[in-house]
Amino acid sequence: MIIMERYIRQTIYTGVGQEGQRKLLAARVLLVGCGALGTTIANNLVRTGIGHLTIVDRDFLELNNLQRQTLFDENDLRQNLPKAIAASQKLRQINSEVEIVARVEDLDYANVQALVRTADLVMDGSDNFETRYLLNDTCVKYNKPWIYSGVIGAYGVTSTIVPGRTPCFRCLFPDQSPPGSTPTCDTAGILNSIVGTIGSIASGEAVKLLVGQGKLNAGLLSIDLWQNNFDRLAIETPLPGCPTCDLHQYEFLDSEGDRASHAAVLCGRNAVQISLRNTSQISLEDLATRLQQAGAKDMLQNEYLLRFHLDSYDFTVFPDGRAIIKGTEEADLAKSLYARYIGL
């Protein structure tokens, strides 16, 4: 039995009300990624009283996560729990009325359509652009709203995407940047304050979408807390000629297309190779500079490859973006390491 008194401070707000709360209680939300942004969003939405939350995350907890991933503590770390499992356990203690499903897996072309089809709203808590392009293709295809969010350093961005009404992710970011060309949290750092700021804005957008009230954040909102800058790219309608939302070409959703990354276990070598199709040449020199700041050791670079040791793994990166990660035979872990230190 649902106890409505739990939400009384929310329902007396006229933007939500009793009717809005009933819509929240019936809502099904898919959260992709349960790290810094994901834990903030999950915490807010479960306290808000959404009916069903599915969490998809491929990673396990590490000590450095505790600085900004607010659902986790040292006990979760000692238990060596996957993030999705640790988060679901905490969230059930916060609100036992919410149905929570934890899936410890990578989001890819094989599972994304089934997950998105059953959701009323998709929330982005991922750490790479490949996943976001894949989500965008799928959400546009099935006419599902989703909220993009990203943070690094003291800077964060978010956009609320409603297919057919607002620009889609591909309108805002027409093409992927080459791997290794943009900083990641593991190479540039991150402040927990920007996580809370962007995560809270995204959570507020989710409530507005689900109750059908309020002014949505169409376009792209960006915030730099260190410089105290707040900007908005005011593109409020889909762009003509957009490959995804205008032409309905779902390049990232096509498993046989040229956009997806691929992981292959190298037999007998305790290593995984990550390959990317149709990517531009990357600057090994620029990548080496960022990795030095992240603590990479035993670095060797020439025009043909970049080798380094980091986080108990040996990496070899090639100018075409291909990488061999030695020290694991788990494809999902290798993809996660690639996204963290090189960038997808």
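The structure this text deals with has already been given above.
Residues numbered from 1 in each chain as written. Predicted model: local features only at pLDDT ≥ 70, side-chain atom pairs only at ≥ 80, totals over all residues. Heavy atoms only, no water.

Participant: Could you clarify how one ought to interpret the nonpolar core in this entry?
Facilitator: Generally speaking, nonpolar side chains in soluble globular proteins are found buried as a group. One finds V29, L53, I55, L91, L121 and M123 to be the most contacted residues of the largest nonpolar core, which totals 34 residues. Put simply, the parts of the chain that give this core at least two residues each are strand 1 (28-32), helix 3 (36-48), strand 2 (52-57), helix 5 (83-94), strand 4 (121-124) and helix 10 (192-211). (Core = buried A, V, L, I, M, F, W, Y, C linked by side-chain atoms within 4.5 Å. Buried < 20%, exposed > 50% of the residue type's maximum accessible area, 1.4 Å probe, protein only. Helix = DSSP H or I, 4+ residues; strand = E, 2+ residues; numbered from the N terminus.)

Participant: Can you walk me through helix 3 in this structure?
Facilitator: An α-helical turn contains 3.6 residues, so a residue and the one three or four places further along point in the same direction. Helix length check: helix 3 (13 residues) gives 19 Å between terminal C-alpha atoms against 18 Å at 1.5 Å per residue, within 8%. With respect to burial, helix 3 is a largely interior element, 11 of its 13 residues being buried. Regarding helix 3, the residues found buried are A36, L37, G38, T39, T40, I41, A42, N43, L45, V46 and T48. Of the residues flanking the end of helix 3, it is G49, one or two places downstream, whose phi is positive at about 100°. (Expected span 1.5 Å × (residues − 1).)

Participant: Sorry if this is basic, but what is going on with the sheet that holds strand 6 (residues 155-161) here?
Facilitator: Working definition: the strands of a sheet are paired by backbone hydrogen bonds and lie parallel or antiparallel to each other. Spatially, 3-2-1-4-5-6-7-8 is the arrangement adopted by the eight strands of the open sheet, whose pairing is mixed. Of all strands in the sheet, those with a lone pairing partner are strand 3 (99-104) and strand 8 (229-233), marking the two edges. Each strand axis lies, on average, 15° off the axis of its neighbour in the sheet, ignoring direction. For strand 7 (residues 220-224) and strand 8, the ladder comprises five bridges, and the chain directions are antiparallel. Paired with S222 across the strands is D231, a residue of strand 8. Of the strands in this sheet, strand 2 and strand 3 are in contact with helix 5, which crosses strand 3 at around 165°. Across the face of the sheet, helix 7 (residues 129-141) comes into contact with strand 1, strand 4, strand 5 (146-152) and strand 6 while running at roughly 170° to strand 5. (Pairing = 2+ DSSP bridges. Axes fitted to C-alpha atoms, helices over the stretch in contact; angles between N-to-C directions. Contact = heavy atoms within 4.5 Å.)

Participant: Would you take a moment to explain the state of the cysteines for this structure?
Facilitator: Covalent bonding between the sulfur atoms of two cysteines is what defines a disulfide. Summed over the entire model, instances satisfying the criterion amount to zero disulfides. Looking at C242, it has no disulfide partner, and the nearest cysteine sulfur is the one in C168, 3.5 Å off. Unpaired in this structure, C245 has its nearest cysteine sulfur neighbour in C171, at a distance of 3.5 Å. For C245, a relative accessible area of 17% puts it in the buried group. (Disulfide = S-S within 2.5 Å.)

Participant: Help me understand unusual backbone geometry, please; the structure alone is not making it clear to me.
Facilitator: Glycine aside, the phi torsion of most residues is negative, and most peptide linkages are trans. For H248, which is not glycine, the phi torsion reads 55° and is therefore positive. In this model, S312 sits at a positive phi of 70°, which is unusual for a non-glycine residue. When you line up the elements, S312 lands in the loop between strand 12 (306-310) and strand 13 (313-317).

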